[in-house]
Amino acid sequence: MTTAPPAAPGAAPAPGAAQPAPAGPADGADVVLRIDDLRIATTGDAEILHGISLSLRRGQLLGLVGESGSGKTTAGLACLGHFRAGLKHTGGSVTIWPRGGERIVVQELGEDALRQLRGARVAYIPQDPALSLNPAMRVGEQIREVLDVHRWGDSDAAREARVAEVLADVGLPSDRDYRRRWPHQLSGGQQQRIGIAMAFAMFPDVLILDEPTTGLDVSTQAHVLDTIRDMTRRNDVAGLYITHDLAVVAELADRVAVMLRGMLVEEGPVERVLHHPEHDYTKRLLEAVPDLAGRKAIGGDPYRDSPARIADDATAPPLLAARNIRLSYGEAQILDGIDLTLEPGECTMLLGESGSGKTTLSRCVAGLIDDYTGTVALESAQLAPSTRKRTAEQRSAIQYVFQSPFSSLNPRRTIGESLTVPLETSQRVPKARRRRVVEEALDAVRLGRSFFDRRPGDLSGGERQRAAIARALVNSPRVLVCDEVTSALDVSVQASIIGLLRRLREENGLAMLFVTHNITLARHIADNLAILNRGRIVDYGPVDDVFAHPTHAYTKALLADIPTL
Amino acid sequence: MSTHILTSDPTGAPPRTSSKPPGVLRRVWAQSEGRVGIVLTAVVVVLAVFGPLLAAPLTGYTPYQFADRPFAHSGVFGTDNLGRSVLARFLDGGRLLLLYSVLATALGMVVGGALGMLAAYARGWLDSVIMRLNDIVLAIPQLVFALLAITVLGPKGWVLVVVIGLTHAPRIARVARSATLRVINEDYIRAAEMYSVPRWRIIGREILPNIAGPLSVEAGLRLTYSIGAIASLSFLGLGMQPPTADWGLMINENRIALSVQPWGVLLSVFAIAVLTIGTNLLADAIARATAQTTVEE
Amino acid sequence: MIAKLIAKRLAVSVLILLAVSVIVFAATLLLPGDPARAILGQQATPERIAALNEQMHLDQPPVVRYFLWLGGLFTGDFGLSTSANAPVAVLLGERLGNSLVLMALAALISVPVGIAVGIFSALHRGRRSDSAVTWVTLALAALPEFVIGIGLITLFATSVLKILPAVTMSPPGQPVWLIPSQLVLPTLTLALVVAPYIARMMRATMIEVLDSGYIEMARLKGVPERRVIFRHALPHAIGPVAQVVAIQLAWLAGGVVVVEFLFRFPGMGQALIDAVNYRDVAVVQAVSMIVAAVYIVVNLAADIIGIMADPKLRSAAA
């Protein structure tokens, strides 16, 4: 009875139609999928899922939350009977109760039955649509393929009509020309909605969503989330929404489950878990999530704004001033007349989405890009565009920290060797004392001297980012340019790095240009906020002012679209 | 550590005082291909290096002495086309092949590696010029190029080394260039630029160690092909010249009697086969061993 | 867009061929000795030598000689063979045909076999059959062609079995394909050298494609495995594999030299070896140019296939 094929060909029920209550499990009539004590190990016999149990209910979304390495994707894929290379199922089961069908135990299915289950009864929406759509197949054909392989409907015309219908459902054009487009002709948001259309084509009972909005801009994310919420309700499916973003869960899900290193630590209604967490880990995770209002103290003490430091001598030139920075590559105007100033000890957040030019701007300031027009001045001295042409003192004064700690440290050299490089070229410190200076910097970022002889490969992402920050500190800079330094990191690590940067500012009086796409960090770190949109600064001022009185439509939309806990 | 840092941040790993990635050699040896490759290569290398010393003591004849009638079956492996001891000549016949192959490979690696890194690091017109020159040399197959050079300059040792080395260079340059391009977009190169580290030091300290993996794979491959190319030329009668004892040349000299006295041919064929298979397995094992470290995260 | 790209590749190919011709021609300038004396022998009178020099344009400056030679290539005049004392075109004409037959047969066997073995190996990744394929192809790819050839001769023509001829038996002037059995071993040797490379590349490419997100997605959509491979994966492997096949086919043009020598096959390679021994530069030049032309044409074809297989370029043209 367990291997009954799911849903007879062409017999998929109409969406939203009143369903006879399926023969559900004993513990709840509307449970569609149940995971019982699921265990998964590597082929090397290291267990990575230690017995997960979960239930998905019809018409409800369950948010599965965890940081990288928690095993949430592995658990999600197991619902489709899929294990990535190097993983194997070692215990437990996934049971599905489809509409009007027999109970299915996924782990007991043969290859053919499993294939009939996938894409039909259980559908998957992947993380990166750009990688998950076949670049050599037209998008309409990729949706149509799901219907073809599951023999939906009774004619080609019916299947074509269903493709058009589901495209319209997700808010995409459904005409023939659009269906004949290639994936690369679509934007990221459109590609993801193709993925959603593909998942809903067969009227599935269960939907597994694997971080479907990671990598999308805030406004696109809001749009895609709306589509997901709407489609889930309308089609009455049970959804498992895998994510690291608690704010998204708060907006979208009915229930939430929290995973930590292959274990489920807490599960319950969203309201209860997010506002009255029981498990320590959930509590700490929630504390680490930045919020727009800045009520929380992520990564340590609350941020104390000290307005006194701003412009105590109005006549003196600002510490750092960028004037009318312009840069274009061919037709594309990357930066279109940027003016930005930074006073001693001040932190300005430069906020922009991908493609806004924020990294380009920060690299112009740091001297990594030298073909811009306009000027960058340190106090009253105008700086040469390239760091190679700046004086050693100027180079030391402005330090830049890269986005990815996995790329910014040479894997073949020890942390100590990498951190000594700035001292070698600045010649500020005699050779004999360099090791001491580097060790002090390692202490300052709370890594400790023992890291001097270790290599990046042994360090976690957070540790590496601390080392990269330490490299920026060895020359005692006056300005720190931080380019998306937390975006490659988990939220808890992000919190600790934010805490570290805040403390370094207070201890050393560092001025900081904090570049990010994450507006919720603003009140946790910055005094001023500059919003960058398509190479222009569209809103600029103290954080509270910009939040209270956004002037540009882009800023207003940004503040409206941001999901909050 | 601040009080609010989560336990998951600094991982559970206890701090060690120093850390080195496990040696490439150990990871090569951990694979069956690596072990077989090392053993096969070592056997032939030992044979080629120490064989010349053993030739006379073992057989009683020098490689150039006449021992019997041509293609006779006296001694362990009989005599060759001129009646010299096959075993003596076999023991003496690997040294030059190995030497020339290693020299040609080294020449190709130095020239090709430098050109490839330069092209990738300089970009712009220099890159275009180097790569177009590469395309031109690549359009003539290595063997044909070698024959052209030998026609003009004669079959001399240095001609073999230089022409094989230089025809390897464009192929190696391609590998070095693409490996460098992969590395050069890493932020640690940008960081070195930012700290105004001298360019030669960026190439030597930041780039070279990080492309050592693909380069050593290429060296192994090229050594395999160098051995094949030089042995082929000798086999064609256009490499080592008589009366030199050489495996490739021995095959040329003795193949007319393959059905009567096969040892003059088969010993050499076997040695060349074992050597090339050994170096190729080794190159493949190095590729697997280094792939694990070059891909971080 | 596509037409423009192809036109650009074509122009580059012509330029490369021209550059190759400069290198090949420059070789003659380095040559010591006197070709006319080589042809006419030591007893030739100075008048006859001068006359032949004039006929071969040896009295002209190098630049003029280069263009005369290049012009000759276009009209099928490859110069005079000093060893045979005959036009190179006559000497090579029939041999070129023989070599092309050999190469075509080898390509016809090795390309489909290599691709099939590569796909098979990729689909059985990590299993015993895959590892067996890996070992065999690694070993075969390492061996020089004469080693494989002698191995085959030992197995099938002399010591173990005696079912195939060890050398070509056709008398001069007779087409080689009239005695098919003599083609078996040379063809097999070339195919065994070429196929492993194609198989290894096909395997690597397929594995890379099979690891991609859209393949996992196709499987999670419930697409049958056969369709995953043939509809989703294979089209992405065409471009890279076309490149490797081209390089290998072009390699055949050089590899055929050793194989022809080994089997005494009356082809272009055999003529090349003879010419090198006699220092017959005109023949060496002609063969080098023919081989380079083959290489460039085959690579151009692979480039065009690669361009056509890329939907981004195709759709940009539409």
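Residues numbered from 1 in each chain as written. Chains lettered and ligands numbered in written order. Predicted model: local features only at pLDDT ≥ 70, side-chain atom pairs only at ≥ 80, totals over all residues. Heavy atoms only, no water.

Per an unreviewed UniProt entry, chain B is named ABC transporter permease subunit, and its organism is Brevibacterium rongguiense. Looking at chain B in UniProt, the text filed under Sequence similarities (unreviewed entry) is "Belongs to the binding-protein-dependent transport system permease family." In its Subcellular location (unreviewed entry) section, UniProt records this for chain B: "Cell membrane". (UniProt positions renumbered as here; feature names shortened; annotations may be inferred.)

Per an unreviewed UniProt entry, chain A carries the name ATP-binding cassette domain-containing protein and comes from Brevibacterium rongguiense. In its Sequence similarities (unreviewed entry) section, UniProt records this for chain A: "Belongs to the ABC transporter superfamily."

J.: Any chance you could break down the interface of chain A and chain C for me, citing the residues and the numbers?
T.: Opposite the 26 residues of chain A that make contact, chain C presents 18 residues. Between chain A and chain C, the buried area comes to about 2,100 Å², and carbon and sulfur atoms account for 59% of it. On the chain A side of the contact with chain C, Asn-134, Glu-145 and His-184 of chain A bury the most area, a combined 22% of that side's loss. The interface formed by chain A and chain C contains 4 salt bridges. Between Glu-216 of chain C and Arg-84 of chain A there is a salt bridge, with the nearest N and O atoms lying 2.8 Å from each other. On the surface where chain A and chain C come into contact, there are 13 residue pairs in polar contact (both at pLDDT 80 or more). Mapped onto the side of chain A that touches chain C, the elements with two or more residues apiece are helix H3 (129-132) and helix H4 (139-149) of chain A. (Contact = heavy atoms within 4.5 Å. Buried area = accessible area lost by both parts, 1.4 Å probe. Salt bridge = Lys/Arg side-chain N within 4 Å of Asp/Glu carboxyl O. Polar contact = N/O pair within 3.5 Å; in protein donor to acceptor, adjacent residues only side chain to side chain. Helix = DSSP H or I, 4+ residues; strand = E, 2+ residues; numbered from the N terminus.)

J.: Tell me about the interface of chain B and chain C, and please be specific about residues and values.
T.: If you look at the interface, chain B gives 44 residues, while chain C gives 45 residues. With both chains or domains summed, chain B and chain C bury close to 3,900 Å², and 77% of this area falls on carbon and sulfur atoms. Counting the contacts that link chain B with chain C gives 1 salt bridge. A salt bridge links Asp-284 of chain B to Arg-200 of chain C, with the shortest nitrogen-to-oxygen separation between them at 2.9 Å. At the boundary of chain B and chain C, one finds 5 residue pairs in polar contact (both at pLDDT 80 or more). Looking at which element gives the most residues to the side of chain B that touches chain C, the answer is helix H11 (residues 263-294) of chain B, with 11 residues. Its residues assigned to classes, the side of chain B that touches chain C comprises 29 nonpolar, 10 polar and 5 charged. (Nonpolar A, V, L, I, M, F, W, Y, C, P; charged D, E, K, R; others polar.)

J.: Explain the packing of aromatic side chains to me, using residue names and the numbers behind them.
T.: Within the structure shown, the criterion is met by 11 aromatic pairs over all chains. An angle of 45° between the planes, with centres 6.3 Å apart, marks the rings of Tyr-66 of chain C and Trp-69 of chain C as tilted. Of the two residues, Tyr-66 of chain C and Trp-69 of chain C both sit in helix H4 (residues 62-74), 3 residues apart, roughly one turn of that helix. Exposure remark for Tyr-66 of chain C: the relative accessible area of 11% places this residue in the buried category. In textbook terms, an aromatic cluster arises when at least three aromatic residues are bridged by ring pairs, as seen for Phe-25, Tyr-66, Phe-67 and Trp-69 of chain C. Seen from the ring of Phe-451 of chain A, Arg-454 of chain A lies directly overhead, with NZ or CZ sitting 4.5 Å from the centre. A cation sits over an aromatic face here: Arg-255 of chain B above Phe-261 of chain C, 4.8 Å from the ring centre. (Phe/Tyr/Trp six-rings, centres within 6.5 Å; stacked < 30°, edge-to-face > 60°. Buried < 20%, exposed > 50% of the residue type's maximum accessible area, 1.4 Å probe, protein only. Lys NZ or Arg CZ within 6 Å of the ring centre and 35° of its normal.)

J.: Any chance you could break down the environment of Phe-230 of chain C for me, citing the residues and the numbers?
T.: Note that Phe-230 of chain C resides in helix H10 (residues 225-263). Note on Phe-230 of chain C: relative accessible area 48%, which makes it partly exposed.

J.: Would you mind going over the pairing of strand E18 (residues 511-516) of chain A in detail, with residue names and values included?
T.: Residues and elements named next belong to chain A. When you tally the buried positions in E18, you get 6 out of 6 residues, the bulk of the element. Residues of E18 alternate between two faces, with Ala-511, Leu-513 and Val-515 on one and Met-512, Phe-514 and Thr-516 on the opposite face, all of them buried. As judged from the 5 bridges shared by strand E13 (residues 347-351) and E18, these two strands associate in the parallel manner. When the sheet's bridge partners are listed, Leu-351 is paired in E18 with Thr-516. Examined bridge by bridge, strand E17 (residues 479-483) and E18 share 5 bridges and lie parallel to one another. Its bridge partner being in E18, Val-481 is matched across the sheet by Leu-513. Tracing the backbone out of E17, into helix H17 (residues 491-508) and back to the parallel element E18 gives a crossover that is right-handed. (Pairing = 2+ DSSP bridges. Right-handed = clockwise from strand over helix to strand, strands pointing away.)

J.: Let's hear about the UniProt feature "domain: ABC transmembrane type-1" (unreviewed entry) in chain B: which residues, and what values?
T.: As recorded in UniProt, the sites labelled "domain: ABC transmembrane type-1" (unreviewed entry) are residues 94-287 of chain B. Secondary structure across residues 94-287 of chain B comprises 83% helix and 0% strand; the distance between its end C-alpha atoms is 27 Å.

J.: Describe the sheet that holds strand E19 (residues 528-533) of chain A, with residues and values.
T.: Note: strands within a sheet are paired through backbone hydrogen bonds, in either parallel or antiparallel orientation. Residues and elements named next belong to chain A. Read across the sheet, 6 strands follow the order E16-E17-E18-E13-E19-E20 without closing on themselves; strand pairing throughout is mixed. Across the chains shown, the open sheet's two edge strands, defined by having one partner strand only, are strand E16 (398-401) and strand E20 (536-542). Sheet twist, expressed as the average angle between the axes of neighbouring strands with direction ignored, equals 15°. Sheet topology note: the E19/E20 ladder contains 6 bridges and is antiparallel. (Axes fitted to C-alpha atoms, helices over the stretch in contact; angles between N-to-C directions.)

J.: I'd like a description of the sheet that holds strand E6 (residues 122-125) of chain A, backed by residues and values.
T.: All names here are of chain A. If you trace the 6 strands from one edge of the open sheet to the other, you get E6-E7-E8-E3-E9-E10, paired in mixed fashion. Single-partner strands in this sheet number two, and they are E6 and strand E10 (263-269). Taken over all neighbouring pairs, the strand axes of this sheet differ in orientation by 15° on average, direction set aside. Pairing between strand E3 (residues 61-65) and strand E8 (residues 238-243): 5 bridges, direction parallel. In the strand pairing of E8, Leu-64 is matched with Ile-242.

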